[in-house]
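Observations on the three-dimensional arrangement
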Amino acid sequence: MYDHRYTATYQDCLERYRGRADVLASLSESLVELARQPFGNPKLETHRVKRAADDTFTSHVGNHGHRLIWRRVDNVLILLLFGEHEAVYRRAERLRLEIDDSQNVLRVYDQDPVTERPVPYSERRSGEGRLFMAWNDRELTEFGLDADQISVLRRLDTEDELIVLDDRHPDRWRTALNLITYANPDGRATSVGTAEAAETEAAETEVGEEVTADPTMPAGGTLGAALRDTRSHREFVPVPADELARVLARPIEDWMVYLDPNQESLVRREMSGPARVRGAAGTGKTVVALHRARRLAAAGKRVLVTTYVRNLPEVYRELFGRFAPECDGVEFSNVHRWALGYLYRNDVRLKIDTEAISRAWGAACRRELTDGSALKRAGLTRGYLQQEIEWVIKGRALTSLDDYLKLERSGRGTPLGADQRTALWRLYERYQRELTSRRACDFTDVLLRAAEVASASSEKPFDCVIVDEAQDLTEAAMRLLSQVVDTGAPDSFLVVGDGQQSVYPGGFSLGTLGIQIRGRSFVLTHNYRNTREIYDLAAAVAEQSGFDDGGTQRESGRRVVRLSRHGAAPVLSGHDTEDDHDLALCAAIQAAVDGGTGSGDLAVLLPTNVMVRRYRERIESLGLPAQDLTKYNGEPNRYVKVGTYQRAKGLEFKHVFLPRLDPDGLHEAKQPSEDDDTYAERLDLTRRQLFVAMTRARDALWLGWLGTPAQALHTVVGKPVR
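What you see is a predicted model, and the numbers here were worked out from it, not measured in a lab.

**Here's the deal with the packing of aromatic side chains**
Counting across every chain of the model gives 14 aromatic pairs. Here the aromatic cluster, defined as three or more aromatic residues joined through ring pairs, consists of Phe39, Phe57 and Trp70. In this structure, Arg638 is placed above the aromatic ring of Tyr639, and the distance from its NZ or CZ to the ring centre is 5.6 Å.

**Some words on the UniProt feature "binding site: ATP" (unreviewed entry) in the protein**
In the UniProt entry, the feature "binding site: ATP" (unreviewed entry) is given for Gly279, Ala280, Ala281, Gly282, Thr283, Gly284, Lys285 and Thr286. Those annotated residues lining the largest cavity are, specifically, Ala281, Gly282, Thr283, Gly284, Lys285 and Thr286. Residues within four places of Gly282 in sequence aside, it is in contact with His526, Asn527, Tyr528 and Arg529. Within the fold, Thr286 resides in helix H14 (residues 285-298). A relative accessible area of 16% places Thr286 in the buried class.

**Examining empty space enclosed by the protein**
In this approach the atoms are scanned with a rolling probe the size of a water molecule, which exposes any empty space left behind. What the rule picks out here adds up to six cavities of 30 Å³ or more. Of the volumes computed, that of the largest cavity is approximately 320 Å³. Taken together, 26 residues make up the lining of the largest cavity; nearest its centre are Gly284, Lys285, Thr286, Arg529 and Glu652. Where the lining of the largest cavity is concerned, the elements lending two or more residues are H14, helix H15 (312-323) and strand S14 (493-497). It is H14 that contributes the most residues to the lining of the largest cavity, four residues altogether. Looking at side-chain class alone, the lining of the largest cavity contains ten nonpolar, nine polar and seven charged residues. Two domains each provide a minimum of three residues to the lining of the largest cavity, namely domain 3 (251-348 + 446-528) and domain 5 (562-713).

**Describing the sheet that holds strand S21 (residues 640-644)**
Strand pairing in a sheet relies on backbone hydrogen bonds. The paired strands run either parallel or antiparallel. Across the sheet, which stays open at both edges, the six strands sit in the order S18-S23-S22-S19-S21-S20 with parallel pairing between neighbours. Each of the sheet's edge strands pairs with one partner strand only, and the pair in question is strand S18 (571-575) and strand S20 (626-628). Pairwise comparison of adjacent strand axes, ignoring direction, gives a mean angle of 20 degrees for this sheet. As defined by bridge partners, strand S19 (residues 602-606) adjoins strand S22 (residues 653-658) across three bridges and the pair is classed as parallel. Along S22, the bridge assignment pairs Leu602 with His655. Lying on the sheet, helix H26 (residues 609-621) is in contact with S19, S20 and S21; it crosses S21 at an angle near 165 degrees.

Quick notes on the rules
Residues numbered from 1 in each chain as written. Predicted model: local features only at pLDDT ≥ 70, side-chain atom pairs only at ≥ 80, totals over all residues. Heavy atoms only, no water. Phe/Tyr/Trp six-rings, centres within 6.5 Å; stacked < 30°, edge-to-face > 60°. Lys NZ or Arg CZ within 6 Å of the ring centre and 35° of its normal. UniProt positions renumbered as here; feature names shortened; annotations may be inferred. 1 Å grid on protein atoms, 1.4 Å probe; cavity = no way out; pocket = protein on both sides within 12 Å on 5 of 7 lines; lining within 4 Å. Contact = heavy atoms within 4.5 Å. Helix = DSSP H or I, 4+ residues; strand = E, 2+ residues; numbered from the N terminus. Buried < 20%, exposed > 50% of the residue type's maximum accessible area, 1.4 Å probe, protein only. Points joined across faces, edges and corners; volume = space filled by probe spheres on them. Nonpolar A, V, L, I, M, F, W, Y, C, P; charged D, E, K, R; others polar. Domains from an automatic or database assignment. Pairing = 2+ DSSP bridges. Axes fitted to C-alpha atoms, helices over the stretch in contact; angles between N-to-C directions.

What follows is the structure in structure tokens.
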């Protein structure tokens, strides 16, 4: 296995392809092959680069003519350039690795565009755009560009900047655009006499396995010693090739805090105000959040890491202790638990009594949901109405019927007219009176009261608040959290989440909360967790529905995600009888254990708590220890985890098993009192929950059903014939 080192020249080349997920995905696959077998690998077609420094090679990437240029120093592969073959060959001929005698560190030297002398790339990079670095001034002049044009081109970083110039003056900038598009000033594909000839010449000297026969050979000489010097790490970022393999083999808890070197800059970045990190499942959002918490705590900041799910903070605390045992300035707490403690510390006592809440809700429904009620006529279920009050009316801290009548109910698909909203407001007021008569409050009341206390206080208990799985929080919770920190200070407020993984109804808008993140919003697109086979299957379920992601418009269910890992296809297992289904599940679990996967790295996820209890008993009947996810605290153990889709939020496992994905198991049948819009909204929520459950799997996924599969799986297994 070969280690990699990233260079600034390589990272700058990648910037050109940030919007090309297909190209970056191919590159990721090639990097895996490069670590495994750089020479004699038919997938890479590695060749020496003629007229470049010794031990400089080019490897094939994808099917669009892209090439990766790298240099071998001892047993380290230094990634230098990436792009279309003609341009990267030209730059490769000019790049040098030399020891800077003034500091005795290794540096990348490039060619000065005017003098054509070698200069440290860091110097050239600080005063020049990236787009035309492949050509020096003399060559651009020979292509017919004048001095004024060259001066402008030297400032450009992206093709978009050049396209703007070309749109304004197409005749003046056509040559420059042809260079970027075709690597040819004439605007046509490179002729056989240049690029293809170079490929042919390189093929005649293709590198064989004998180059790596002795990995200790001194290919770099003193360069190797300079590269190993830690002072060189600023320019040559270490990426151990075997690190990923080691982490994959360790307990899943170690994998859950693995930080890819590409994410390091986001961890270190100083944010001038509130910021947001979002991205699809498996892209490392929580990992970035935890490592940022470590950095901020090390700087003496008081940090709160919070989320909606009750058991996640305990898991995060345990994971954090595994890689940051020296930090004690981070508090991990569920938002409702923290709010209760905050009220207690401020001498405010609120009573949370779930039985009193249930009785208050039942009494309110009996009084307001009469046969002539607009809510009855609309076919809205009690469960839907309770969610509307919890997540919309109270969740968004509405104070009047007029506010509710004017509200855009983002995150809710069932339209409600003025009559229904008026009736719902009366139901809400009745419910509040019933709570008051019982001297009780619900969980949202806790958040609202805590926000009042925080707003009236001049003291801020935290310097930084990090909100994970933010898509599942209400506006009331977000408002509270933004009030316990000075959001105008650097690195003060970080929102992390993904609307496509929302497993609860409702939603919020950061803008309406006064939280401005312009220029500080980051989207992660590289899925580190799932294999392509697992993610593609899950995406086919989720892409049927759009979703809200805290912005001003609804997002498409189809997303661009890069994946580097491949694995076995998920198992789709349909059965005629319940016994056959359960026996197949037990056999699959036993096979995973027999295959070497630790039982503590397995999870069985289900839609209801009733099913959790049943299947936990089934697994224990195999002789395997099982644990309810509500009891899991992030510490590695030998228990098979069993829990609901909601409880699995923020977690991941090597193997995931999803039983009873049939209409009965997922309660897909339309209820008698349910209208079409409410039913469609519920199915959308089910698909999102199933997507979350499927993407918890890192290496293997098993899906089982009894009879016919649920509607959510029709795009995966085909719609059954009835």
